[in-house]
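# Architecture at a glance
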Amino acid sequence: MLKAKNKLGLVFFPAFDWAISSTHPEREERLLYTQDQLFEEGIGDVEGIEFFNPAIANEKDIKRVHFCVPDVKSRVTQSHLISAGGVIKSLQMVMDKKVDKSFALTRPPGHHAQRVVYGDRGFCIVNMEAVAIEKIRQEYGNLRVAIIDTDCHHGDGTQDIYWNDKDTLLISFHQDGRTLYPGTGSIDEFGGPGGYGYNINIPLPPGTGEEGFLYVLDNIVMPILDDYKPDLIINSAGQDNHYTDPLTNMNFTAQGYAVLNHRLNPDVAVLEGGYSIEGALPYVNLGIILAMAGMDYSKVHEPDYDREKLKQSKDITEYIKKISNNVYSRWENRENLYIKDIKGMEYIQEQRQVYYDTDGIMESQVQNFKVCKKCSGVNTIDSRSDRRHHIFAITIPRDACSSCIDEGYKLYKNTANKYTNVYLQDRLNDEFLAK
Amino acid sequence: MIVGIDMGGTNIDGVIIEDGRIVKSIKKPTDRDNPFAAIYSTLKELLVDCDKSKIERINLSTTVSTNAIVENKTAPVGMIIQSGPGMTYDHLACGQENAFIKGYIDHRGNVVEELDISEIEDMAEKFTKEGIKACGIVTKFSTRNPQQEIYIRDILGDRFNTVTMGHTMSGKLNFPRRVYTSYLNCAVHSTFNDFAVNIKRALEKEGIDAPIFILKADGGTMTINSAEEKPVETILSGPAASFMGINALLPSDKDAILLDIGGTTTDIFFLADGIPLFEPLGIKIREYNTLVRSIYSLSVGLGGDSSIDIIDSNISIGPKREGKPYAFGGPKPTPTDAMITLELISYNEKHKDRANESMAELGEKLDLSVEETANLILETMGKMIKDKVDELLEEINSHPVYTIKELLYGKKLEPKLINVIGGPAKILAPILEKTLDLPCNYPSNYLVANAVGAALARPTMEITMHVDTSKKVLSVPELELYEKVSSRFNLEMAKEKALSLVRENAKSIGITSGNVDAEITEESSFNMVKGFYTSGKDIRVKAQIKPGLIEELRGDINA
Ligand SMILES: [Zn+2]
Ligand SMILES: [Zn+2]
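These notes cover the structure that comes with them. (Residues numbered from 1 in each chain as written. Chains lettered and ligands numbered in written order. Predicted model: local features only at pLDDT ≥ 70, side-chain atom pairs only at ≥ 80, totals over all residues. Heavy atoms only, no water.)

## Section: the side chain of S307(B)
Residues and elements named next belong to chain B. Examined against the element boundaries, S307 turns out to sit in the loop between β18 (298–300) and β19 (308–311). Residue class for S307 comes out buried when judged on its relative accessible area of 2%. When residues no more than four places from it in sequence are discounted, the contact partners of S307 are S316, I317, G318, K320, R321, E322, K332 and P333. (Helix = DSSP H or I, 4+ residues; strand = E, 2+ residues; numbered from the N terminus. Buried < 20%, exposed > 50% of the residue type's maximum accessible area, 1.4 Å probe, protein only. Contact = heavy atoms within 4.5 Å.)

Okay, structure coming up:
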């Protein structure tokens, strides 16, 4: 019988009875052929690979990360609580050492879900990884976590949530925002005052193939991880960089995803996007599973795989090298950049528009980060939607100093009457208020 | 009149059941080296003074195939395996020769790469040169499209005595299991067929023309002719006989724990609303995971004759049996000795003295009296069974599910009672009742339970239907059915078709009268989308005739 080198837990929950709509990419059928492939390969019979059901996240787990407007109940469905629960289960099993690694193949995805949630954007309402990480931190202490987002779309939700948190390093590589939804993810999006330098974007040109992705992995991601020394590495394993994906323009492959996971060696992988459900997902998921289990994935490839045809152009290779150099030197230089860009300021204010493409909602918000010498700094969001909500949200960070805690509660108490909803997220005491 | 025979590891049991009553039963030692002779002599003895013309059916549970596999006495097999891309395949090698061939079918049943015919010709020649007479052909995703398996079989022609195609073994997806199941089917083919021919001849000689059925691991039966084609289905039918026996003696329509406590082992089974719980994919024999449908059963090394030691001031029972109980001259104290000490089973003075002696020796280490020690042993036995049952229930109730509905509202197995048979059943029943806090039943007579189970087992079948309306293809691998359907085919039509297929085929599995109890066990229908438009439906349906009793036992089963 086949044996896995690493004990791998699979939370495979295809939610065969849930869809955004019957022809939407995020529909019942999405993981059907992945299931067929995994079943036919006999993955469940491999010694050391075990299937688990998801846990179910609760309202508090969501509030720890999101300001759902007006409330959690009206925004978040059972399917989201289960998908987040799948990631919670995956992290818990690794933390409890029940398995060496785990892979949450759950849906819907979550990496476009930001702190404020008016509705669905990029098929996401709840940020699954963030909800799971914050729960784990409550249970197991303040771990240093690195999230490597390999989805083709910029992980803008995860970026927003961990913008000001240097204990959560986010590295997102994605198709350049000038050519793809959601449009963000440029190199100079570098983090808030409390986490400046710990939000790393690597925008890649359309047509990037195996060579380019693995170049970025070897030359930026791995060296940064060596510096950062995380307790936990999570791969936000979106699979829409695949050459057959209907929504994107990249040339990545099942082999490439397998090699990437082999070298990255994440503790936990979480399925994000990926909508080539017949031509890519069955093979990409099989490749990731085998790589994580420490098994031979060399024979995994797509029916129409043609290495020569998928080779990236010389121009792309050169361009990626240039970008990589730039990103890495910014990382190495992050303390100087902090002094140059932030030091001496009391508050940093950021203004932006957020479009909820799935639900067609427009939001405009102003985030305000206190630059605090003792902690990451209390921060607020003043946000308005075109659905007549105007909210004020306050976050007291996990490492908050006493003056930031006081300031947070004072802000909550003395809010102006103009807001429809006011929220306080006290991450230090794990308490969440709303009025 | 129904004749049931169960050939176990140590004994052969036989019964005759007439109008729900056991009219005759016998028990004889098994002859492992000559199973046919053992069955034949049992049958002869059973049928003395019997009106043979009144026999409606003969149900046999036999270890012929099991023993051949376990004792490594199977025929050489050549395997032709097409694995395509995916996982590595070296570990799939089984049998004498393995050919890993070119070609490949994907998960939608599309042929991506064609066969290399000369490669197959060469392999066939190599196999035959080596004197191999059985050949298995398995391609990945052959249940989605069996075309290449069938083509290979056609190329082989009549070069082999038997050829097994993977897709005929099961409609379930699991390529490695399909390889092993096909291999084992080939490997036991000649052994089982020799046996079947002998049995048929012998019955003919005796002037019996009743149909013969063979018990399967799923608690159902198949005709001897089907068994000749799929002998692998006859493996490990022993636990199924015992399971059906418990159900015949102690019928239940609830969630229940079924126990068969013997001398060496305790077998644990479960009922869910009176329906047997099955292994999710199939049974395992030796190192081979198969797709042979089977009742979920777990055997623990805990029985009346298990040896007892004191480990860290605690009583430890089993898993080994090191001989007879101490009372009867064995080397170690056993639960049976505890029962003798407590005068719960019949004994003579000499036995009782020895039993007491063994209890005293244990008691000394535990600082307990002879009776206290004996009681503690039986309580420990109950506790060990409870712990195992709890562990299994937790495992069963956390089996993977794939829909929100099942995750939130899926059925959980919550046993309401215990039905137990076997030597110590009566004595342990009150202890189990207390330990597990559930009512516990035992029959007044269990001695030929396995033969009763075999006798009363009904034919079963399971089919797996897959419909792709964009391709307009309907398939049922178990029936070797692949046909065109309209693009408007839907789930309701699929369910109806599955049920009618089961009913149509009921005759071929030996259901000749009465209603066919066909049911749908799984159903799903997925909207398939190409681009942004629905291109068809992917429909999946499973239907079965579930295991059950031909008739209920009536009145006192003592015969
Ligand atoms: Zn994406
Ligand atoms: Zn502070």
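Resuming the write-up.
## A look at the environment of V131(A)
Within the fold, V131(A) resides in helix α5 (residues 128–140). Distance in space between the C-alpha atoms of V131(A) and L81(A) is 9.8 Å, their sequence separation being 50 residues.

## A word on the coordination of the zinc ion (ligand 2)
All names here are of chain A. Ligation of the zinc ion (ligand 2) by protein atoms is provided by C372 (SG), C375 (SG), C401 (SG) and C404 (SG), these donors lying 2.2 to 2.3 Å from the ion. Geometry at the zinc ion (ligand 2) is tetrahedral, judged from its 4 donor atoms and the angles of 100 to 116° they form at the metal. Counting residues between consecutive donors of the zinc ion (ligand 2) along the chain gives the motif C-x2-C-x25-C-x2-C. Accessibility assignment for this pair places C372 and C375 in one class, buried. (Donors = N, O, S within 2.8 Å, 3.2 Å for Na, K, Ca; no water. Tetrahedral: all angles 85-135°; square planar, octahedral: opposite > 155°, others 65-115°.)

## A closer look at the coordination of the zinc ion (ligand 1)
Residue and element names in this part refer to chain A. Each protein donor to the zinc ion (ligand 1) is listed here as D151 (OD), H153 (ND1) and D240 (OD); together their distances run 1.9 to 2.0 Å. Read from N- to C-terminus, the donor residues coordinating the zinc ion (ligand 1) fall into the pattern D-x1-H-x86-D. Taken as a pair, H153 in the loop between β6 (145–149) and α6 (156–162) and D240 in the loop between β9 (232–237) and α8 (254–264) lie far apart in primary sequence, 87 residues in all. Both residues of the pair, H153 and D240, count as buried.

## Points about the pairing of strand β5 (residues 77–82) of chain B
Residues and elements named next belong to chain B. Taken across its 6 residues, β5 has 6 buried, putting it largely inside the fold. Residues of β5 alternate between two faces, with V77, M79 and I81 on one and G78, I80 and Q82 on the opposite face, all of them buried. Two strands pair when backbone bridges link them, and β5 and strand β9 (residues 134–139) are joined in this way by 6 bridges, in the parallel orientation. If you follow G78 over to β9, its bridge partner there is C135. One ladder, built from 4 bridges, connects β5 with strand β6 (residues 97–100); its direction is parallel. (Pairing = 2+ DSSP bridges.)

## Some remarks on the packing of aromatic side chains
Residues and elements named next belong to chain A. Scanning the model with the defined rule gives 24 aromatic pairs over all chains in all. Each ring, one from F213 and one from F252, has its centre 4.2 Å from the other, and the planes form 35°; the classification is tilted. Here F252 lies in the loop between β9 and α8 and F213 lies in helix α7 (residues 210–228), a separation of 39 residues in the sequence. A residue is classified by how much of its surface remains accessible, and F252, at 1% relative accessible area, is buried. (Phe/Tyr/Trp six-rings, centres within 6.5 Å; stacked < 30°, edge-to-face > 60°.)

## Quick look at helix α3 (residues 117–129) of chain B
Three or four residues apart is the spacing at which side chains of an α-helix point the same way, because the helix has 3.6 residues per turn. Residue and element names in this part refer to chain B. Across its 13 residues, α3 extends 18 Å between first and last C-alpha, which sits within 8% of the 18 Å expected from 1.5 Å per residue. Within α3 the residues assigned to the buried category are E119, I120, A124 and F127. Buried positions in α3, seen along its axis, are confined to an arc of 130° and lie on one side of it. Against the buried residues of α3 lie β5, β6, β9 and α4 (147–156). Downstream of α3 by one or two residues, G131 has phi in the positive range, about 80°. (Expected span 1.5 Å × (residues − 1). Arc of directions from axis to C-beta.)

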